[in-house]
Amino acid sequence: MTASFDAIVIGAGSGGLTAAIGLARLGRKVGLVERGNVGGDCTNVGCIPSKALIHLSAHHAGSAGTEDLLERVRRLRDHLRQEETTLVSETPNLTLLPGHARFSGRRELMVTAPDGSRTRLSARDIVIATGSSPVRFPVPGAREERLLTNESLFELEEAPEHLAVVGGGAIGVEMAFAWRRLGSRVTLVEGARRILPALEPRVGELIAARLAEAGISLVTGAFARSYHEESRSLELERDGASARVPEVDKILLAVGRRPNIDLDLDATGVEATPAGIIIDSAGRTTEPHIYAVGDVTTSSASTHGANALARRTIQRIAFPWLPLGPAPVVPAAVFSDPEVAYVGPPLAELRKRYPADLIVTLNVGLNGTDRGYVMGLDDRSGFVTIHALRLSGRILSATVASPGAGEMIPLLTLALERRMRLYGVSRLVFPYPVLAEAIKKAADTFLYDTFQNLKTELTTYLRLRWRRPMAVAALDPEGSAPVRVPG
Ligand SMILES: Cc1cc2nc3c(=O)[nH]c(=O)nc-3n(C[C@H](O)[C@H](O)[C@H](O)COP(=O)(O)OP(=O)(O)OC[C@H]3O[C@@H](n4cnc5c(N)ncnc54)[C@H](O)[C@@H]3O)c2cc1C
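Because the structure is predicted, anything quoted here is derived from the model rather than measured.

Caption draft 1: The sheet that holds strand β15 (residues 250–253), seen in detail. Read from one edge of the open sheet, five strands run β8-β15-β9-β10-β11, paired in parallel fashion. With partners counted over all chains shown, the strands left at the sheet margins are β8 (147–148) and β11 (217–220), one partner each. Sheet strands in contact with helix α6 (residues 170–181) are β9 (162–166), β10 (185–190) and β15, and its direction is about 170 degrees off that of β10.

Caption draft 2: Representation of the confidence of the model for the chain. For the chain, the mean per-residue pLDDT works out to 94, and 96% of the residues sit at or above 70. Low pLDDT, under 50, characterises residues 470–487; the predicted model gives this stretch 43 contacts beyond four residues in sequence or across chains.

Caption draft 3: Examining the site of the ligand more closely. Near the ligand, the surroundings consist of 36 residues, among which G15, E34, K51, D295 and T303 are the closest. Here an oxygen atom of the ligand sits 3.2 Å away from a polar atom, N or O, in the main chain of S14. H304 has a polar side-chain atom sitting 3.2 Å from an oxygen atom of the ligand. About the coverage of the ligand: the protein hides 92% of its 1000 Å² of free accessible area. For the shell around the ligand, the secondary-structure elements that each account for two or more residues are α1 (14–25), β2 (30–34), α2 (40–45), α3 (47–60), β4 (100–103) and α8 (303–318). By residue number, the principal contributor to the shell around the ligand is α2, which donates four residues. For the shell around the ligand, the class distribution of residues is eleven nonpolar, 19 polar and six charged.

Caption draft 4: Quick peek at the pairing of strand β14 (residues 241–245). Direction of pairing for strand β13 (residues 233–238) relative to β14: antiparallel, over a ladder of five bridges. Along β14, the bridge assignment pairs R238 with A241. Here β13 folds back onto β14 in antiparallel fashion, the turn holding two residues, of which D239 has a positive phi close to 50 degrees.

Caption draft 5: Fine view of the side chain of T220. Looking at where T220 falls in the secondary structure, it is placed in strand β11. T220 sits in the buried class, given a relative accessible area of 14%. Apart from the residues within four sequence positions on either side, T220 is in contact with E190, A192, R193, R194, I195 and R238.

Caption draft 6: Spotlight on the packing of α1 against α8. With their axes 8 Å apart at the nearest point, α1 and α8 run at an angle of 30 degrees to one another. In terms of orientation, α1 and α8 fall into the roughly parallel class. Judged by the twist between their axes, the crossing of α1 over α8 is right-handed. Along its contact with α1, which presents S14, G15, T18, A19, G22 and L23, the element α8 presents T303, A306, N307, A310, R311, I314 and I317. Partitioned by chemical class, the residues of the contact of α1 with α8 number six nonpolar, six polar and one charged.

Caption draft 7: Just the sheet that holds strand β12 (residues 222–228), in detail. Judged by pairing direction, the sheet is antiparallel, and its three strands sit side by side in the order β12-β13-β14 without closing on themselves. Single-partner strands in this sheet number two, and they are β12 and β14. Taking each pair of neighbouring strands and ignoring which way they run, the sheet shows an average axis angle of 30 degrees.

Caption draft 8: View of the packing of aromatic side chains. In total, this model carries three aromatic pairs according to the counting rule given. Each ring, one from Y423 and one from F451, has its centre 6.2 Å from the other, and the planes form 45 degrees; the classification is tilted. Taken together, the residues span a long stretch of sequence, with Y423 in helix α12 (residues 422–427) and F451 in helix α13 (residues 437–452) at a distance of 28 residues. Cluster of aromatic residues (ring-pair linked, three or more members): Y423, F446 and F451. Taking NZ or CZ as reference, R202 lies 4.1 Å from the ring centre of F383, over its face.

Caption draft 9: Structural detail: the state of the cysteines. All told, the structure shown has one disulfide when counted by the stated rule. Disulfide pairing is shown between C42 and C47; the S-S distance is 2.3 Å. Every disulfide takes its handedness from the sign of the S-S torsion; for C42 and C47 that torsion is -130 degrees, giving left-handed.

Criteria and thresholds
- Residues numbered from 1 in each chain as written.
- Predicted model: local features only at pLDDT ≥ 70, side-chain atom pairs only at ≥ 80, totals over all residues.
- Heavy atoms only, no water.
- Pairing = 2+ DSSP bridges.
- Helix = DSSP H or I, 4+ residues; strand = E, 2+ residues; numbered from the N terminus.
- Contact = heavy atoms within 4.5 Å.
- Axes fitted to C-alpha atoms, helices over the stretch in contact; angles between N-to-C directions.
- pLDDT = per-residue confidence, 0-100.
- Near = heavy atom within 4 Å.
- Polar contact = N/O pair within 3.5 Å; in protein donor to acceptor, adjacent residues only side chain to side chain.
- Areas by Shrake-Rupley, 256 points an atom, 1.4 Å probe, with all protein chains shown as cover.
- Nonpolar A, V, L, I, M, F, W, Y, C, P; charged D, E, K, R; others polar.
- Buried < 20%, exposed > 50% of the residue type's maximum accessible area, 1.4 Å probe, protein only.
- Parallel < 35°, antiparallel > 145°, perpendicular 65-115°, else oblique.
- Left-handed = near helix turned anticlockwise from the far one by under 90°.
- Phe/Tyr/Trp six-rings, centres within 6.5 Å; stacked < 30°, edge-to-face > 60°.
- Lys NZ or Arg CZ within 6 Å of the ring centre and 35° of its normal.
- Disulfide = S-S within 2.5 Å.

Printed below as a string of structure tokens:
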């Protein structure tokens, strides 16, 4: 069988649904190929079940049984999946084609349906939105049922007695807190010297302290090497020596993601690296009529990142003559305890782009706000960190560790997006008393420090402003574009 469309989207996850529904609503005839469930990772095995688990474990762990809570997580997920499936089936111009897609030509795909039947599809434009899969690594000695990934974790019917989480990134940290609240003993193993290694070091320190308070064992600088069934122990390698985590029931592998590029890309001119498909800021690949959005690309690792990129792809396909504008600034959040949200690169990254003395860092603890005071917060409760350009006050990046940090970060994202300076943030009026006042306090500190030392600030700025490294000039040729990072 053969079918042709204006556009084919491969993958009905966060990015694919946005692209397919958007293009269909603009009148394009769209074929949406999906080999699994509509909703992709986010709805089925990612954001939704993990955030449902985090919420339910935080608010109901004492009052409801664990089996009941896990069942509620699945019900929430199933309901949303059903809603998304209905939305797809009711969207005019959109045809859902169940099956696995592979390229058979530059504008052609072969889709193998679950019953084995094959359909040849062709289209003027093709959007690859096939997402990513958890990186699996062998744990010699461990039976298959001991090993979990995000694809099997939410199917558990009861909490493991002792869960070893391997990987101290966002997923590992979030799940360590949630399963601990459900009653599991939890050991978190991270290969780097600190957890959340891609974030500001202060975040790793704070969250490590909070993990300890929650009774979670943390082993950093360690790698899971093998498992002994008899003693049920996980063997680790740490600094060349071996260490043992005894009586482990389940091992959650959360060490990273790899892009789903088993698509026979060789039949096209699409270039990919092991980190994903290479795209421009509109999602266009090295083959002009083929686009890629979301986790399958080198530049996104979040649902909102996939969504933002898919919107630009829709515009590029439907209105190629409309200017796209600069790529959006994409924040990120970790739903730990407390939540952490950030936008822009950490200081270590900024220092590769700017002379160290050109960057001012403002830190304000939540306990420095009146809301934090009445809430009884202390110096381990959270903070706001903002990095800005000296004198000019242009915000380069920001991190918030706080209850509801994810709700605070859009303000700072807007500030970066609109190239705001801390002078402008200082003028903003916040309702009183809120934890977000820490952001205003950071801006106020900058303002007073700058004005008190105006002469030094001015001379340092002028000296360094014109001595920025070549690498910086290449990244930011106008010297004033906001720093943009993938989510
Ligand atoms: C545990 C966990 C928690 C997360 N929490 C958050 C969070 O809180 N916030 C956030 O922003 N992000 C979160 N993420 C990340 C988020 O889930 C992903 O970034 C997002 O789902 C990526 O969307 P996507 O469209 O690129 O891919 P996906 O949502 O994975 O969709 C890809 C789809 O393509 C299909 N597919 C793949 N290959 C083919 C093929 N050849 N033919 C047909 N179909 C195919 C797949 O079946 C899948 O349905 C989390 C991820 C995990 C694992």
